[in-house]
Structures are given as structure tokens and as C-alpha cells.
Amino acid sequence: MATVRGHIEAIQREVGTGDVMPTRGTELLMMATALLGNVLDEIREADIAFNAVLLSHLDSEERANRAKIRAETTGEYARKRTARDTKDLLTELIASLKYHIRLQTEEMRLSR
């Protein structure tokens, strides 16, 4: 079973070729938009997990800044960052697909 990140990379590779027709671009855009919901779910879950770790460090440390630094060295923080970075990547990919579709459609319209 492919991961969300794997699907995103597949879309990136296909768009990277530069010769995606508007119909296929629309399909990729729909897939990327659907994946965004999965990424947002992961962000929510990762935030909850990280906040639990941060809270435990806050309880055991005298200073909040030290607790935050310790919490940011955990796997939960890495998961949180990865999820947010994936969201940013996917948002840019969606914008790129929209622009590409608009550009291809306009070129096809003008070539008639």
C-alpha cells in the first residue's frame, strides 16, 4: 500500500515532465486535493502527540524553554514537522497544478 508521501512524489514526478495535458492535470489536481485532507488529519494527530510530550517535559523541567527544547528532540516533533512540511509541499503542488492547467487550457484555446 502506497503512502501519502509516495502519492505526492508520484504526482511531482509526473508534473515534472512538463507535458501533462489538462485532463490529466485535472486528475492529478483532484488526487492532490484529496491527499490534502489526509495530510491535515496527520497534522492534527501529530500535534496532539507532540503536545502530550511537551506537557510531560513541562511537568519535569523548571524552565519552559528547556522543556520545549527537550520536546523538540523527540520523534513526535519530527513527525509534526514532517506533516507540516508535507502540507506546505502539497499546497505548492496544488497551486502549480492549477496554474499549469490554466496555462495549457489557454494555449489550446488560442491554437484553435
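Residues numbered from 1 in each chain as written. Predicted model: local features only at pLDDT ≥ 70, side-chain atom pairs only at ≥ 80, totals over all residues. Heavy atoms only, no water.

Turning our attention to the packing of aromatic side chains. This structure, assessed with the given rule, holds 1 aromatic pair. Geometrically, the ring pair formed by Phe 50 and Tyr 77 is tilted, given 5.4 Å between the ring centres and 55° between the ring planes. Linking Phe 50 in helix H2 (residues 22-60) with Tyr 77 in helix H4 (residues 75-110), this pair joins segments that are 27 residues apart in sequence. Judged by its relative accessible area of 21%, Tyr 77 is partly exposed. (Phe/Tyr/Trp six-rings, centres within 6.5 Å; stacked < 30°, edge-to-face > 60°. Helix = DSSP H or I, 4+ residues; strand = E, 2+ residues; numbered from the N terminus. Buried < 20%, exposed > 50% of the residue type's maximum accessible area, 1.4 Å probe, protein only.)

Another aspect to go through is the confidence of the model for the protein chain. Per-residue confidence for the protein chain gives a mean pLDDT of 92, with 99% of residues at or over 70. In the model of the protein chain, helix H1 (residues 4-16) stands out as the element of lowest mean pLDDT, 91, in contrast to H2, which has the highest, 95. (pLDDT = per-residue confidence, 0-100.)

Moving on: the side chain of Thr 86. Turning to its location among the elements, Thr 86 is positioned in helix H4. According to the relative accessible area criterion, Thr 86 is buried, its value standing at 10%. If sequence neighbours within four positions are ignored, Thr 86 has contacts with Arg 5, Ile 8 and Val 39. (Contact = heavy atoms within 4.5 Å.)

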